[in-house]
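Chain residues, written in single-letter form:
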Amino acid sequence: MGLQHSKKSLFLYILVDPYRDNVYKIGISKNPEQRLKSYRTHSPQCYFHQLYEIDDKKHEKQILYHLAGCMRVNNEVVHGNLHLIQNIVESYLEEHDQK
């Protein structure tokens, strides 16, 4: 992956496990490469659908709150349409100058 870190150095991700239909994980990490390695010990085929650099971990909770308004959310696990999830995440980040 070889991500370039800036001052923000915090990443929000959408994680996909191809064996779980319409179930995605939204999370944050300072080191997404290491986080993905840890997920792959349980689910070797999982991957990041998208990574976003953010400046504050509060954005994760706010995004999950917005997602819960239109789909089922259990902690960081979101049950719904991947493209809709991505659109909601990107709209939120744009509104909060994170894109």
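What comes next concerns the included structure.

## Things to note about unusual backbone geometry
- One non-glycine residue with positive phi stands out, namely Asn22, at about 55°.
- Among the secondary structure elements, Asn22 is positioned in the loop between β1 (10-16) and β2 (23-29).
- Since its relative accessible area comes to 43%, Asn22 is described here as partly exposed.
- Unusually for a residue other than glycine, Asn75 sits at a positive phi of about 55°.
- Inspection of the secondary structure assignment puts Asn75 in the loop between β4 (72-74) and β5 (77-79).
- By relative accessible area, which is 71% here, Asn75 ends up exposed.

## Here we look at helix α2 (residues 58-68)
- Among the residues of α2, His59, Glu60, Ile63, Leu64 and Leu67 are the ones counted as buried. All buried residues of α2 fall inside an arc of 135° around its axis, so they share one side. Opposite the packed face of α2, turned more than 90 degrees from it, sit the exposed residues Lys61 and Tyr65.
- In this structure, the buried residues of α2 make contact with β1, β2, β3 (47-54), β4, β5 and α3 (82-95).

## Thoughts on the environment of His42
- Mapped onto the elements, His42 comes out in helix α1 (residues 32-42).
- Once the C-alpha coordinates of His42 and Ala68 are considered, the two residues, 26 residues apart in sequence, prove to be 26 Å apart.

Thresholds, definitions, all that
Residues numbered from 1 in each chain as written. Predicted model: local features only at pLDDT ≥ 70, side-chain atom pairs only at ≥ 80, totals over all residues. Heavy atoms only, no water. Helix = DSSP H or I, 4+ residues; strand = E, 2+ residues; numbered from the N terminus. Buried < 20%, exposed > 50% of the residue type's maximum accessible area, 1.4 Å probe, protein only. Arc of directions from axis to C-beta. Contact = heavy atoms within 4.5 Å.

Just geometry here; none of it tells us what the structure is for.
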